[in-house]
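# A closer look at the structure
Take a look at the letters that make up each chain.
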Amino acid sequence: MPSMFAPTPSLLLSQTPLAVDECAIGKDKHPRQQAPGAWPPVALTLLVFGTVWLALLSFVSLSPPTDNIEQLTWVHSLEGGYYKHPPLPTWLLWIPVRLFGINALTSYAVGAACTLASMAVMWRLLCRLRDERYATIALLAALCITFYNGRLYYYNHNVVLMVFVAASAATYWQAFRTGLTRWWVALGLTMGLGALAKYQMAVSVACMVAFWLHQRSWRVLSQRRGLLLATLVSMLVFAPHVLWLRAHDFAPIQYATSSSLGLHLQGLRRWIESTHWLTDQLLNRALPAWILLGLTVFHLRRQAPRSQALPNKMPPEPDAASRVFLLIYGFGPLVFMFAMGLLTGAELQLHWGTPFLLFAVPAAMELAGRHVAWRAVSMRPVYLTFAALQVVLLLVDGLTSPRGPAALQDGHWRTFDSVALARAVEGPARAELNGRICVVSGPPAVAGALALQLADHPEVLIDGRYDRSPWVSPSVVSRCGELMVREGPLLAGWTAAGPRFPSLSWYAERPAGAPAQSFAQAPTRPSLAGKKPPHRLLPGQHAHARVAG
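Quantities reported herein were computed from a predicted structural model and do not represent experimental measurements. (Residues numbered from 1 in each chain as written. Predicted model: local features only at pLDDT ≥ 70, side-chain atom pairs only at ≥ 80, totals over all residues. Heavy atoms only, no water.)

## Some thoughts on the pattern of salt bridges
Under the defined criterion, the tally for this structure stands at 13 salt bridges. Put simply, Glu366 and Arg130 hold a salt bridge, and the shortest N to O gap is 3.0 Å. One end of the pair, Glu366, is in helix 16 (residues 360-368); the other, Arg130, is in the loop between helix 5 (104-129) and helix 6 (132-144), with 236 residues separating them in the sequence. Looking at Glu366, the relative accessible area reads 4%, which means it is buried. Among the charged side chains, a salt-bridge network with shared partners connects Arg130, Arg323 and Glu366. (Salt bridge = Lys/Arg side-chain N within 4 Å of Asp/Glu carboxyl O. Helix = DSSP H or I, 4+ residues; strand = E, 2+ residues; numbered from the N terminus. Buried < 20%, exposed > 50% of the residue type's maximum accessible area, 1.4 Å probe, protein only.)

## Topic: the environment of Val361
Relative to the elements of secondary structure, Val361 occurs in helix 16. Spatially, the C-alpha atoms of Val361 and Leu140 are 9.7 Å apart, while their sequence positions differ by 221 residues. What Val361 contacts, discounting residues up to four positions off in sequence, is Ala138, Ala141, Ala142, Ile145, Ala289, Trp290 and Leu293. (Contact = heavy atoms within 4.5 Å.)

## A word on the nonpolar core
In terms of nonpolar packing, the biggest core is built from 147 residues, with Tyr172, Phe325, Trp374 and Leu483 touching the most fellow members. Ignoring anything within four residues of it in the chain, the contact list for Phe325 reads Leu125, Leu129, Ala169, Tyr172, Trp173 and Phe211. (Core = buried A, V, L, I, M, F, W, Y, C linked by side-chain atoms within 4.5 Å.)

## Description of the packing of helix 7 (residues 157-178) against helix 8 (residues 181-197)
Two packed helices can be described by the angle between their axes and the distance between those axes. Contact geometry of helix 7 with helix 8 gives a least axis separation of 8 Å together with a crossing angle of 160 degrees. With respect to helix 8, the element helix 7 is oriented roughly antiparallel. Crossing angle aside, the handedness with which helix 7 passes helix 8 is left-handed. Contacts between helix 7 and helix 8 involve His157, Val160, Leu161, Phe164, Ala167, Ser168, Thr171, Tyr172, Gln174, Ala175, Phe176 and Thr178 from the first element and Trp183, Trp184, Ala186, Leu187, Thr190, Leu193, Gly194 and Ala197 from the second. Split into classes, the residues belonging to the contact of helix 7 with helix 8 amount to 13 nonpolar, seven polar and no charged. (Axes fitted to C-alpha atoms, helices over the stretch in contact; angles between N-to-C directions. Parallel < 35°, antiparallel > 145°, perpendicular 65-115°, else oblique. Left-handed = near helix turned anticlockwise from the far one by under 90°. Nonpolar A, V, L, I, M, F, W, Y, C, P; charged D, E, K, R; others polar.)

## So, a nonpolar patch on the surface
Residues Leu78, Trp91, Trp94, Ile95, Leu99 and Phe100 make up a contiguous nonpolar surface patch of about 640 Å² in total accessible area. With respect to the secondary-structure elements, Trp94 resides in helix 4 (residues 88-100). Under the relative-accessibility criterion, Trp94 is labelled partly exposed at 31%. (Patch = residues over 30% accessible without salt bridge, like charges linked within 9 Å, V, L, I, M, F, W, Y side chains within 5 Å. Areas by Shrake-Rupley, 256 points an atom, 1.4 Å probe, with all protein chains shown as cover.)

## Observations regarding the sheet that holds strand 2 (residues 459-462)
Pairing is mixed across the open sheet formed by five strands, whose spatial order is 2-1-3-5-4. Among the strands making up the open sheet, the edge pair consists of strand 2 and strand 4 (495-496). In the sheet, strand 3 (residues 482-487) pairs with strand 5 (residues 504-509) via six bridges, with the strands oriented antiparallel. For Met484, the partnering residue across the bridge sits in strand 5 and is Tyr507. Contacts between helix 18 (residues 418-432) and the sheet are confined to strand 3 and strand 5, with strand 5 contributing the most and set at about 20 degrees to the helix. Helix-sheet contacts for helix 19 (residues 444-453) involve strand 1 (439-442), strand 2, strand 3 and strand 5, and the interaxial angle to strand 1 is about 160 degrees. (Pairing = 2+ DSSP bridges.)

## Structural notes on the packing of aromatic side chains
Scanning the entire structure with this criterion turns up 24 aromatic pairs. Aromatic pair Trp173 and Phe176: ring centres 5.6 Å apart, planes at 40 degrees, arrangement tilted. Highlighted residues: Trp173 and Phe176, both in helix 7, separated by three residues, approximately one helical turn. Just as Trp173 is buried, Phe176 falls in that class too. Where Tyr199 meets Phe238, the ring centres are 6.3 Å apart and the plane angle is 85 degrees; that geometry is what we call edge-to-face. You can see Tyr199 sitting in the loop between helix 8 and helix 9 (201-214) and its partner Phe238 sitting in helix 10 (residues 221-247), a full 39 residues away along the chain. (Phe/Tyr/Trp six-rings, centres within 6.5 Å; stacked < 30°, edge-to-face > 60°.)

## Digging into the confidence of the model for the chain
It should be kept in mind that the predicted coordinates are not to be read in detail where pLDDT is low. Overall, the predicted model of the chain reaches an average pLDDT of 86, with 84% of residues at or above 70. Averaged pLDDT values over the elements of the chain bottom out at 37 in helix 1 (residues 17-29) and peak at 98 in helix 8. Here residues 1-33 is modelled with pLDDT under 50, and outside its nearest four sequence neighbours on either side it reaches 46 contacts, counting other chains as well. This model gives residues 516-549 a pLDDT under 50, and the stretch forms 74 contacts once residues within four places in sequence are excluded. (pLDDT = per-residue confidence, 0-100.)

Quick look at the structure:
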């Protein structure tokens, strides 16, 4: 039995960059690969899918996802980086919020656009590698993965990274096949921009390098030069952020190493946590996709017995290089993350699979090999199965949401009623702050959710720290005061947020120069943990602040 990753014929050593370009030009005139499929049906599918899911998710969620809140907080100021992550997702959100305002719906639309764009790029790539029917089946199955439906309205670094993972895969295949300089430059751009979205882009780069080595591309001059060019372009794109990192004490790196990457789990726990992560990706998040593929194969075999129908419609043997390409991009990230958990003891976050799991679908289809003639599949039952699965997923999401029966509600963050909190706090706080709330200080999720619902649209001072909130000036706080919120026991001088929020309290710190309260009435000003005064670093100290996770 031939190996799954048996070396495939590489380009001839005699091919120079010019010769490869000439060959590519000939391919452009007489393409051997499948021509890109028809866009209208796929575009309509994505549009209907996105509209239905966004309508449900925006209705059932009482607060935006915490990641959306984070981006809507950071977008108040365009920076070269932020204390947790690189800057590209925040930059991309800047224009939409200028056009449509800083609100949850804007972030929902941008998040959904990123996810659906990634799916469209993958579909077009698969049309080139296989055919339109194969690509459409893979697309419908990928849309069943719960990362991409129940979390469609998420806007975070994983979602933006997914765009560049898909784009880098598509551009690398074109660069590998044609050797054209423009594709290597495009690859470098996608790699650099992906790293500006999230450092996890390194996983996709590792897949690219694995394929490059498997194909023995180092033997071809144009491939060596192309990879070097792509690397230089990506470094050029990423260089300004490196300068920011040096100036800010590598704050995102410190955040990562002080949280999930720095736990250093030991012994059996490494195996347990890594196995749990891998199992969750393949048998939980991706389970609806496997159901769709399984029912598709079942219907195909039931409709036409293999001995009669399949040989007539059997596609030619697929290009071996493209098969390896899809297998590496589909399963490589899962293997990489699993190995990282085992080797470093990092606590793998379940959502870290978001940028990569969509490619597990075509990889699984490749494993079926010649046992399934995807070209012979009738699309009508596939669409019906897809629709049925989506109805089930929609019902589950709605019934477990704050709008569903109390017994079924999942209790996740979306049940936090930020509108009710704003109603309870806004009036008294504005009275204390001379009629305007300019700044809300406190835990990022609670403070950010509250700020979005307040009429004054205040800025957020994350954890009371100026080093994490460069958009907030100490002079603004001194001039306007601030609304402070905290979680924990009620402290002297603080006001309870109400019976719906038993763990929350607030205090309005008046502007400088406002009439002072008597000593007996003056509240204490503990930290969010209630143990010490808030650690506030001024902007001038920002570059030397060590960020705690």
